[in-house]
Amino acid sequence: MKLRQWTTVGAVAVATVAALNTVPATASRPYDPTAQSLATLGLRHGLHVGTAVNMDALNDASDPQYRKLVTSEFSSVTAENVMKWESLEPTRGSYNWGPADQLVDFAKRNRQSVRGHVLVWHNQLPAWLTSGVADGSISKQELRELLRKHITTVVNRYKGKIWQWDVVNEAVSDPWDTPSTLHYKGFWAEHLGPGYIADAFRWARAADPKALLFYNDYNIEAFGSGNPADDKTQFVYDMTKSLRARGVPIDGVGSQGHLGTQYGNFDTLQVTAALKKFAGLGVATAFTEVDVRSQLTAAVQAGNAEEINPRLQASAANFSVLMKACLAVRSCLSYTVWGFSDNHSWVPGWFDDPPEGLATIYDENYQPKRAYHELKSDLIFAGPPYVQPRVAPKPRR
Ligand code: XIL
């Protein structure tokens with residue numbers, strides 16, 4: 001069902017649930033929640049369920065199921081790649097807006113909101129920019145000005161059309177980096193110093209007064225030791241607190257949610273506690289890139305069900321932990337998966353030693369996996385008094 005058609009039905013449904021604390025049904029056609037999409041069920045809670053979108057797949061006429069599911073199952077979309085700097089400005093000064101425009105138009109037609117991804121990141125930068133900095137032809141001063149212009153141009157183009165912007169992505173190191181003490185890492189910190197983060201939020205706000213401006217990172221689903229030297233969540237929390245204290249217009253923190261079944265990961269209450277702690281700073285939260293990968297051992301690749309089933313089960317459980325935590329915290333505004341089907345997941349191409357996969361909620365033939373059904377049941381079974389509708393912050397000026 002298209003979201004537009006849903007809106008009226010959904011509004012009635014929500015009103016009915018609120019008023020009577022019952023499920024909407026008619027005598028002739030009983031309400032079957034399992035037949036509803038993730039989008040529809042999410043909006044019962046005011047929660048947007050989204051997906052990253054691969055534009056090649058969306059435009060592939062031989063793969064109509066991809067487009068069909070993007071349209072029917074999700075109420076929010078994120079460009080998997082086409083809003084990254086290397087895609088938008090492959091040659092200095094000449095912009096390639098086509099694919100990003102197409103996604104924004106697609107979302108509008110389908111009444112979906114858009115998460116803008118991403119304004120400042122150390123990856124997928126255009127070669128002219130990185131080589132110019134490397135050979136000294138772009139000075140630090142010019143680099144800062146190029147960043148200001150990039151943010152201003154991109155945010156301005158989509159002004160009023162983006163719900164949440166990932167303004168800064170992955171600015172913080174990991175414990176396995178050198179030095180192991182957590183620090184601001186990567187191209188931008190190295191060349192401009194960490195002050196670029198506050199600058200980026202201010203430039204984004206100047207270009208769009210209404211978009212919610214997010215910091216986005218991975219491995220921040222739960223707190224660890226609480227020591228910012230080795231606890232990335234604590235480091236990001238302290239950074240956010242300091243930005244807010246200085247009046248920097250940061251509205252949210254996005255937790256990517258790239259998990260793996262080979263790790264311990266977290267339980268629902270740990271993740272809920274982390275989201276609540278961020279809420280205490282006055283910022284929204286969101287899960288922005290959820291997938292839960294597994295190692296593709298020889299037995300998995302040979303189709304051994306005893307190896308595959310526990311991975312599918314563990315993957316589903318992890319998807320569910322993040323969903324339940326998000327539902328429990330009213331300022332957790334959206335839950336986005338990083339691709340929804342294994343045939344279009346970034347995981348096999350990225351994690352290949354050892355090979356990993358099985359990371360999404362549909363299999364390669366678009367059959368829903370246990371993870372899809374778990375997300376659906378989380379959305380169905382959740383309700384007041386513990387799960388309340390979302391409350392979004394006002395964009396900070
Ligand atoms: C990934 C895309 O999915 C791949 O297609 C691309 O080759 C590399 O980037 N964190 C992010 C995303 O913020 O932008 C990344 O997307 C995945 C990790």
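Residues numbered from 1 in each chain as written. Predicted model: local features only at pLDDT ≥ 70, side-chain atom pairs only at ≥ 80, totals over all residues. Heavy atoms only, no water.

- The chain carries the name Beta-xylanase in an unreviewed UniProt entry, which gives Micromonospora tarensis as its organism.
- Heading Catalytic activity (unreviewed entry) of the UniProt record for the chain holds this comment: "Endohydrolysis of (1->4)-beta-D-xylosidic linkages in xylans."
- As its UniProt record puts it under Sequence similarities (unreviewed entry), the chain is described as follows: "Belongs to the glycosyl hydrolase 10 (cellulase F) family." (UniProt positions renumbered as here; feature names shortened; annotations may be inferred.)

1. Brief notes about unusual backbone geometry
- That bond from His117 to Val118 is cis: its omega, 15°, falls within 30 degrees of zero.
- Mapped onto the elements, Val118 comes out in strand S3 (residues 113-120).
- The amide bond that connects Pro384 to the next residue, Pro385, takes the cis arrangement and shows omega of 10°.
- One can find Pro385 in the segment after helix H16 (370-381).
- Phi is positive for Arg111, which is not a glycine, with a value near 55°.
- Within the secondary structure layout, Arg111 lies in the loop between helix H6 (98-109) and S3.
- Although it is not a glycine, Leu358 sits at a positive phi angle of roughly 55°.
- Checked against the element boundaries, Leu358 lands in the loop between strand S10 (356-357) and H16. (Helix = DSSP H or I, 4+ residues; strand = E, 2+ residues; numbered from the N terminus.)

2. A word on the UniProt feature "domain: GH10" (unreviewed entry) in the chain
- Under the present numbering, the feature "domain: GH10" (unreviewed entry) in UniProt falls on residues 52-378.
- A distance of 21 Å separates the end C-alpha atoms of residues 52-378, which is 44% helix and 16% strand.

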